[in-house]
Amino acid sequence: MIRNKGSWWDRFRGARPSRGGKPRGGAARPTPTGHVNAPTPVFRVGGGFHRRAMRRAWRQFHEGSLSHWITVMVIALALTIYGAFALLLSNANTAMEGWRVDNTVTIFLKKQEDGKQAERVKKRLEDVAGIGSPVVSSPEQGMGRLKELLGTEAGVLDGLEENPLPYAVEFQLLEPDPAKAAALTSGIAQWREVEAVSFDRQWADRLAAVVTVVRYAGMALSALLLSAVALIISNTIKLTILARREEVEVMRFMGATNSFIKIPFIYEGVLQGVLGSFLALGLTSGLFLGARQVALELGRAFGLSLPMHFLPPLELGLMMGLGIGLGFLGSMISLSRFLEV
Amino acid sequence: MIRFHNVHLRYPTGYEALKGVSFTVPRGGFHFLTGHSGAGKSSVLKLIYRAELPSEGGVVVDGRNVERLTPKQIPLLRRGIGVIFQDYKLLYDRSVFENVALAMEVAGHPMDKIPGQVQRTLEYVGLKDRMHLSPIALSGGEQQRVAIARAIVNRPPLIIADEPTGNLDKPMARRIFDLFTALHQSGATVLIVSHDLDLVAELGFPQIDMADGRITQLPASTRVPLTPATL
């Protein structure tokens, strides 16, 4: 804007101030920086700009230490709650995938039904859509499997005078939709020959429904928490802006651009988000290790296998992104409300 | 360098700080703006660095009407003006060096050029040995010199100062004016608001007197004919 000829500086350098306003004078000579005829610098948004902005952001963060660290802790806690939900849901999903593989349905016929009746039921099942490979299981076969299942405890069955088990027909349920599968098995349960229907997948489907509810509840809770975090970050940045309003005013009159003034505040918010995310990552890892230990001990006690896995990389990236995004959002809210440049 | 053409400045409260002010400060000139408190001197300076906009009339700085500047051009205008405030406006949580360096950072100078330039500037205002202190540890005169160093470190072609010696004793005021004189001798255009009439008269530079928002005395050098076409 104002053209800087660059010449008076050299004359000034050779003209040390003296009393009476009579400078001693001196010939113009180039400055060691080579700025003699340099034009008024044009602000460039380059590496130097962002390095300075980051340095100022760090300085602002450091100077407002306690409030900033409290904000970092709040971000970390909110993201940890999000991470805990993600961990729970991710492991529940994996467990359910395993359970869903077992789509075997067993129908137990009434005690008076014989093998011929069982074969008729089998043929009838073959005509029903969504059902695959029905197999008849005699009471003897059923007893054999029961003994196998009881293992060393199978001796308790030796006291029975007669085999109490009825004929059974097993088949694979091909229907993937839980509601349709439930309707199908309920319909079969109404058949005259059928005493009971055993379908393990129903439990998996019920669990899946519960997990879905937990998922939505987790999403709603996380959304509420994360919104609160954005407002907390915004408040911290507001305090920084208010604490630095004199500096901002001075910079404005020196010719600072909007970017020069605003970007350090944005970096400051993002820095809080990044630190909060890393802390949340550590806390979530701690939770995972604790939960895995509990699962191992439970598994050992009940003879179950409860494998657990940590969050997949995509989920971890999302967590970090959320932290950074919240920092950015909080800064932008404050800047738009409290910093007019 | 600076042209005011029939400038009026009314604040939202209705107070009219300037009432038809016209004058010109040529490039390389050294002028004093004098007058009693409330005469409108500081308002004139605020219009120059575009902290305020005229309600009527035109203000031209270095050939550009400040009213017509786009938001992106305003920082460029301000980088070409070294402003020295009566209350110094120094940052007391930073060292003397950092206060001066901030002006160079704002102007986008390369990081590696800043320390040398800041040290040279502080040397010229006689504060090199105090550059690591906080301004709060300095006397009023020294703080004023830090403010001057900050204003000139980017070598702006125009230097404006609002009562730069208002809080200083006579010898220190004299020393500060010597510094401005040296800057002027080096080619900078200087406009200083001052109420120290004795010192102003002693230095002998042209003097624009103001009273009640109007110019009451204008030296011949500032009476350059103006028309709206020149704005």
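A quick note: this is a predicted structure, and the numbers were derived from the prediction, not measured.

## A few points about the overall build of chain A
- Along its length, chain A carries 10 helices and 4 strands.
- Counted from the first residue to the last, chain A has its helices and strands arranged as α-α-α-β-α-β-α-β-α-β-α-α-α-α.
- Taken across its 341 residues, chain A has 40% of its residues classed as buried.
- Sequence separation of at least 24 residues holds for 79% of the intrachain contacts in chain A that already meet a minimum separation of 6.
- Counting every atom, chain A has about 18600 Å² of accessible surface; 63% of that belongs to carbon and sulfur.

## What about the overall build of chain B?
- For chain B, the helix and strand inventory stands at 7 helices and 10 strands.
- For chain B, long-range pairs separated by at least 24 residues make up 71% of all intrachain contacts whose partners lie at least 6 apart in sequence.
- When the accessible surface of chain B is totalled, it reaches about 8400 Å², and 51% of it is carbon and sulfur.

## A few points about the pairing of strand 10 (residues 214-217) of chain B
Residue and element names in this part refer to chain B.
- As paired strands, strand 9 (residues 207-211) and strand 10 are joined by 3 bridges and run antiparallel to one another. Across the sheet, A211 pairs through a bridge with R214, a residue of strand 10.
- In this structure, the hairpin formed by strand 9 and strand 10 is closed by a connection of 2 residues, where D212 is found at a positive phi of approximately 50°.

## Details of the confidence of the model for chain B
- On average, residues of chain B score 87 in pLDDT, and 95% of them are at 70 or above.
- Prediction confidence for the complex, expressed as pTM and ipTM, is 0.66 and 0.84 respectively.

## Details of the nonpolar core
Residues and elements named next belong to chain B.
- Membership of the largest hydrophobic core comes to 77 residues, with the highest contact counts inside it found for V118, L122, I148 and F180.
- The contacts of I148, once residues within four sequence positions are left out, are I84, V125, I176, L179, F180 and L183.
- Within the second largest apolar cluster, 34 residues are counted, among which are F4, A39, I74 and L77.

## Let's talk about the pattern of salt bridges
- A complete count under the given rule lists 17 salt bridges over all chains for this structure.
- Between E56(B) and R10(B) there is a salt bridge whose closest N-O contact spans 2.8 Å. With a gap of 46 residues between them, E56(B) in strand 4 (residues 56-61) and R10(B) in strand 1 (residues 2-10) connect regions that are remote in the sequence.
- Judged by relative accessible area, R10(B) falls into the partly exposed class, the value being 36%.
- Residues D62(B) and R27(B) are paired through a salt bridge, measuring 2.4 Å at the closest nitrogen-oxygen approach. With a gap of 35 residues between them, D62(B) in the loop between strand 4 and strand 5 (64-65) and R27(B) in the loop between strand 2 (16-25) and strand 3 (30-35) connect regions that are remote in the sequence.
- Among the residues examined, D62(B) registers a relative accessible area of 3% and is labelled buried.
- Overall, the relative accessible area of 43% leaves R27(B) in the partly exposed class.
- Within this structure, R244(A), E247(A), D93(B) and R94(B) form a network of salt bridges that share partners.

## Examining a nonpolar patch on the surface
Residue and element names in this part refer to chain A.
- A grouping of V294, L298, F302, L304 and L306 is seen on the molecular surface, where their side chains present a nonpolar patch of about 500 Å² in accessible area.
- Examined against the element boundaries, L304 turns out to sit in the loop between helix 9 (258-302) and helix 10 (313-338).
- The class for L304 is exposed, based on a relative accessible area of 51%.

## Some remarks on the packing of helix 5 (residues 140-152) of chain B against helix 6 (residues 170-185) of chain B
Residue and element names in this part refer to chain B.
- At a minimum axis separation of 10 Å, helix 5 and helix 6 run at an interaxial angle of 15°. On the basis of the axis angle, helix 5 is roughly parallel to helix 6. Our pair here, helix 5 against helix 6, has a crossing hand that is right-handed. Counting all contacts with helix 5, which are made through G141, Q144, R145, I148 and I152, the residues of helix 6 involved are M172, R175, I176, L179, F180 and L183.

## Some points on the sheet that holds strand 1 (residues 104-109) of chain A
Residues and elements named next belong to chain A.
- A sheet is described by the order of its strands in space; here 4 strands give the open sequence 2-3-1-4, paired in antiparallel fashion. At either margin of the open sheet sits one strand with a lone partner, and together these are strand 2 (131-137) and strand 4 (194-199). Adjacent strand axes in the sheet meet at a mean angle of 20° when their direction is disregarded.
- Here strand 2 runs beside strand 3 (residues 168-173); their pairing, made up of 5 bridges, is antiparallel. When the bridges of strand 3 are listed, G132 appears paired with Q172.
- Along the sheet face, helix 4 (residues 115-126) touches strand 1, strand 2 and strand 3 and points at about 175° away from the line of strand 2.
- Packing against the sheet, helix 5 (residues 139-150) makes contact with strand 2 and strand 3, and its axis sits at approximately 95° to strand 2.

## Observations concerning the sheet that holds strand 9 of chain B
Residue and element names in this part refer to chain B.
- As summarised here, the arrangement of the 6 strands in space is 6-7-8-3-9-10, forming an open sheet in which the pairing is mixed. Since the sheet does not close on itself, it has two edges, and those belong to strand 6 (81-84) and strand 10, each with one partner. Shown here is a sheet whose adjacent strand axes are inclined to one another by a mean of 20°, direction ignored.
- Note that strand 6 and strand 7 (residues 158-162) share 4 bridges and pair parallel.

## Topic: helix 4 (residues 114-124) of chain B
- Turning to helix 4 of chain B, its buried residues are I114(B), Q117(B), V118(B), R120(B), T121(B), L122(B) and Y124(B).
- One or two steps after helix 4 of chain B, the chain reaches G126(B), where phi turns positive at roughly 75°.

## Side note on helix 1 (residues 41-48) of chain B
Residue and element names in this part refer to chain B.
- Within helix 1, 6 of the 8 residues are buried, which leaves the element mostly enclosed by the surrounding structure.
- Those residues of helix 1 not exposed but buried are K41, S43, V44, L45, L47 and I48.
- The positive-phi residue at the C-terminal boundary of helix 1 is R50, with phi of around 60°.

Criteria and cut-off values
Along each chain, the written sequence defines residue order, and numbers are assigned to residues from 1. Chain A is the first chain written and ligand 1 is the first ligand written, with later ones labelled in order. Selection of residues for local features in this predicted model requires a pLDDT of at least 70, selection of side-chain atom pairs for listing and counting requires 80 or more, and totals for whole chains, interfaces and linings are taken over all residues. Side-chain metrics rest on all non-hydrogen atoms present in the structure, leaving aside hydrogens and water. Strands are runs of DSSP state E lasting at least two residues, helices are runs of H or I lasting at least four, and both sets are numbered from the N terminus onward. Between buried and exposed lies partly exposed: a residue is buried under 20% and exposed over 50% of the maximum accessible area for its type, with that area taken using a 1.4 Å probe on protein chains only. Any pair of residues with heavy atoms lying within 4.5 Å of one another is described as a contacting pair. Here the open area of atoms and residues is found with the Shrake-Rupley method and a 1.4 Å probe, where only the protein chains shown may cover a residue. Note on pairing: two strands pair once DSSP finds at least 2 bridges between them. The predictor attaches a confidence to each residue, called pLDDT, with possible values from 0 through 100. Definition used in this section: a nonpolar core is a set of buried Ala, Val, Leu, Ile, Met, Phe, Trp, Tyr and Cys residues joined via side-chain atoms within 4.5 Å. The working definition used for a salt bridge is a side-chain nitrogen of Lys or Arg within 4 Å of a carboxyl oxygen of Asp or Glu. Exposure above 30% relative accessible area and the lack of any salt bridge qualify a residue for a patch; like charges then connect within 9 Å, and the nonpolar side chains Val, Leu, Ile, Met, Phe, Trp and Tyr within 5 Å. To obtain each axis, a line is fitted to C-alpha atoms, and for helices this fit is confined to the stretch in contact; angles are then taken between N-to-C directions over 0 to 180 degrees. For classification purposes, an angle smaller than 35 degrees is called roughly parallel, one larger than 145 roughly antiparallel, one from 65 to 115 roughly perpendicular, and anything else oblique. Left-handed describes a crossing whose near helix is turned anticlockwise from the far helix through less than a right angle; right-handed describes the clockwise counterpart.

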